[in-house]
Amino acid sequence: MAGWSCLVTGGGGFLGQRIVHLLLEEKDLQEIRVLDKVFKPEVREEFSKLQSKIKLTMLEGDILDEQCLKGACQGASVVIHTASIIDVVNAVGRETVMKVNVKGTQLLLEACVQASVPVFIHTSSIEVAGPNSYREVIQNACEEDRLETAWSAPYPLSKKLAEKAVLEANGWALQNGGTLHTCALRPMYIYGEGSPFIFAHMNKALENNGVLTHNSKFSRVNPVYVGNVAWAHILALRALRDPRKALSVQGQFYYVADDTPPQSYDDLNYTLGKEWGFCLDSRRSLPPSLRYWLAFLLEIVSFLLSPIYNYQPPFNRHFVTLCNSVFTVSYKKAQRDLGYEPLFTWEEAKQKTKAWVGSLVKQHKEALKTKTH
Ligand SMILES: NC(=O)c1ccc[n+]([C@@H]2O[C@H](COP(=O)([O-])OP(=O)(O)OC[C@H]3O[C@@H](n4cnc5c(N)ncnc54)[C@H](O)[C@@H]3O)[C@@H](O)[C@H]2O)c1
């Protein structure tokens, strides 16, 4: 097959970087374009090193900038769209999240039509499916269950609308007479080296003598390792580029999990941190029902104050539900259609992530030492 090129939006992010690394191994790939709003200096340096292996172009720009998207898509054969704002506590502002996640996706789809890019892989999220209630137990959910979030909170709603736009765009006519083929991947909560959530969590605990906050001990989910999620993206793009497989994959969505055992978010953090002296807060936490109604009260206060003051509650009902639900999925459909098997076992994923958490602890100790000298 002739040389091809791939654009990764959000490619400077936690997942995007791992996708870029895996792309390097793809046959006949001539160019990787990485579009991101900002590249951290360490990411820029990492990508500069890769430029000796492949033509890697870093494009700093906004997913809402049509001119930027036009240039980024020109001549690309595949788009992997991971750029998004993840905000489960409404810290960023509703309008911004909706714009970047929904409008940004629509603009990118239109840019693909104009530039005749035939393959579009979208990183969706488990949040488009739920959980809707912490009282509901959902185990081993599969795509045929047609689960759908009922939340109007900006993150789940925007991801739901973005995924819908992507799947509806499957079959669109391209400028050159070709056809656009799309699919969406719905990863569970992603962990691994560089996870912004684990980074924030561990740093907060380090400021608190290694005590990890525990506000999700009733949850039971199957988190997925970042290297496996990146791998699922590669398999999806291979499938959509393969005329024998494309027919069963186009217009479809897939849950992406791996063999990480179902557990609470608290237990995951503890497992990753205990070797480095982290411990769980031994104080009793509020039961979910009480936290839920407290969140509701705070949301009302926020609403009442809104004409005069922008008060953002520290948690909301959606967040409480997320942190206290039993919600696990099966990855059988991805196995069947994409040939997906996790690249990393739970043991490997755990060891790699633990080692990274250890490096955070080391950095923290060194920073403390320099402060005191
Ligand atoms: N982290 C998780 O647990 C998780 C779980 C399920 C799905 N996802 C999805 O995976 C994708 C990647 O998430 P991640 O965990 O790597 O997060 P991340 O924040 O590390 O990566 C997102 C990237 O998008 C970029 N971006 C944000 N706004 C932009 C804009 N206006 N223009 C251009 N780029 C912009 C950010 O700079 C960032 O590099 C997202 O679509 C997210 O919804 C993440």
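Definitions and limits used
Residues numbered from 1 in each chain as written. Predicted model: local features only at pLDDT ≥ 70, side-chain atom pairs only at ≥ 80, totals over all residues. Heavy atoms only, no water. UniProt positions renumbered as here; feature names shortened; annotations may be inferred. Helix = DSSP H or I, 4+ residues; strand = E, 2+ residues; numbered from the N terminus. Rg over C-alpha atoms; globule rule 2.2 N^0.38 Å. Buried < 20%, exposed > 50% of the residue type's maximum accessible area, 1.4 Å probe, protein only. Contact = heavy atoms within 4.5 Å. Areas by Shrake-Rupley, 256 points an atom, 1.4 Å probe, with all protein chains shown as cover. Near = heavy atom within 4 Å. Polar contact = N/O pair within 3.5 Å; in protein donor to acceptor, adjacent residues only side chain to side chain. Core = buried A, V, L, I, M, F, W, Y, C linked by side-chain atoms within 4.5 Å. Axes fitted to C-alpha atoms, helices over the stretch in contact; angles between N-to-C directions. Parallel < 35°, antiparallel > 145°, perpendicular 65-115°, else oblique. Nonpolar A, V, L, I, M, F, W, Y, C, P; charged D, E, K, R; others polar. Pairing = 2+ DSSP bridges. Salt bridge = Lys/Arg side-chain N within 4 Å of Asp/Glu carboxyl O. Arc of directions from axis to C-beta.

Going by UniProt, the protein chain carries the name 3 beta-hydroxysteroid dehydrogenase/Delta 5-->4-isomerase and comes from Sus scrofa. Here the protein chain is described in UniProt, under the heading Function, as follows: "3-beta-HSD is a bifunctional enzyme, that catalyzes the oxidative conversion of Delta(5)-ene-3-beta-hydroxy steroid, and the oxidative conversion of ketosteroids. The 3-beta-HSD enzymatic system plays a crucial role in the biosynthesis of all classes of hormonal steroids." Looking at the Sequence similarities heading of the UniProt record, one finds this comment for the protein chain: "Belongs to the 3-beta-HSD family."

Engineer: How would you summarise the overall build of the protein chain if you had to cite specific residues and measurements?
Structural biologist: Per the secondary structure count, the protein chain includes 13 helices and 14 strands. Here the protein chain has a C-alpha radius of gyration of 21 Å; the compact-globule value for 373 residues is 21 Å, and the two agree. Oriented by its inertia axes, the alpha-carbon framework of the protein chain measures out at about 60 × 50 × 45 Å. Here the protein chain holds 373 residues, and 55% of them are scored as buried. Long-range pairs, those at least 24 residues apart, make up 80% of the contacts in the protein chain with a sequence separation of at least 6. Roughly 17,600 Å² of accessible area belongs to the protein chain as shown, and the carbon and sulfur atoms make up 54% of that amount.

Engineer: Give a detailed account of the site of the ligand, specifying residues and quantitative values.
Structural biologist: Surrounding the ligand, one finds 26 residues, the nearest of these being L15, D36, Y155, K159 and I190. Between the ligand and Y155, the relevant distance is 2.6 Å, taken from an oxygen atom to a side-chain nitrogen or oxygen of the residue. Within the contact set of the ligand, an oxygen atom lies 2.8 Å away from a side-chain nitrogen or oxygen of K159. The fraction of the free accessible surface of the ligand (820 Å²) that becomes covered by protein chains is 89%. Elements with a contribution of two residues or more to the shell around the ligand: α1 (14–23) and α5 (154–168).

Engineer: Please provide a residue-by-residue account of the nonpolar core, values included.
Structural biologist: Ranked by size, the top nonpolar core spans 74 residues in total, and within it L23, I32, F47, L56, I121, L338 and Y340 carry the most contacts. Sort the elements by how many residues they give to this core and helix α7 (residues 226–241) lands first, with 11 residues. If near-sequence neighbours (up to four positions away) are discounted, Y340 is found in contact with N228, W231, A232, L235, V256, A257, D258, Y331, A334 and Q335. One finds C73, I85, L108 and V113 within the second-largest nonpolar core, a separate group that totals 27 residues.

Engineer: Go over the packing of α1 against helix α2 (residues 41–50), please, and point to the residues and values.
Structural biologist: Following both chains from N to C, one finds α1 and α2 inclined at 5 degrees, their axes separated by 12 Å at the closest point. As judged from the angle between their axes, α1 and α2 are roughly parallel. From α1, Q17, V20 and H21 reach across to α2, where they touch V43, E46, F47 and L50. Of the residues that constitute the contact of α1 with α2, the class distribution is 4 nonpolar, 2 polar and 1 charged.

Engineer: Explain the UniProt feature "binding site: NAD(+)" in the protein chain to me, using residue names and the numbers behind them.
Structural biologist: Residues annotated by UniProt as "binding site: NAD(+)" correspond here to K159. Summarising the element assignment, K159 is placed in helix α5. Classification of K159 by relative accessible area gives buried; the value is 5%. Each residue touching K159, except ones within four places of it in the same chain, is listed here: S84, N101, T123, S124, S125 and V128. One polar contact links K159 to S84, side chain to side chain, over a distance of 3.5 Å.

Engineer: Kindly report on the sheet that holds strand β14 (residues 326–329), identifying the contributing residues and their values.
Structural biologist: Pairing within the open sheet is parallel, and its 3 strands lie in the order β6-β14-β10. Each edge of the sheet is formed by a strand with only one pairing partner; in this case those strands are β6 (137–141) and β10 (220–221). Where β10 and β14 come together, 2 bridges link them in parallel fashion. Looking at β14, one finds that R220 is bridged to V326.

Engineer: I'd love a proper account of the side chain of N324, names of residues and values included.
Structural biologist: You can see N324 is positioned in the loop between α11 (317–323) and β14. On the basis of relative accessibility, which here comes to 6%, the residue N324 falls in the buried class. When sequence neighbours within four positions are dropped, the list of residues in contact with N324 reads Y134, N215, S216, F218, S219 and P288.

Engineer: With reference to specific residues and values, describe the pattern of salt bridges.
Structural biologist: Here the structure, examined in full by the defined rule, presents 15 salt bridges. Between E26 and R238 there is a salt bridge, with its nearest N and O atoms 2.7 Å apart. Remark: R238 occurs in helix α7 and E26 occurs in the loop between α1 and β2 (29–36); sequence separation between them is 212 residues. Connected through shared salt-bridge partners, E31, R33 and K55 make up one network.

Engineer: Account for helix α3 (residues 66–73), naming residues and giving values.
Structural biologist: Restricting attention to buried positions, one finds in α3 the residues C68, L69, A72 and C73. Down the axis of α3, the buried set is contained in an arc of 120 degrees. They therefore lie on one face. With respect to the buried face of α3, the exposed residues turned more than 90 degrees away are E66 and Q67. At its buried positions, α3 is contacted by β1 (4–9), β2, β3 (55–60), β4 (78–81) and α4 (94–114). In this structure D65 caps α3, since a side-chain oxygen of it lies 3.0 Å from the backbone nitrogen of Q67.

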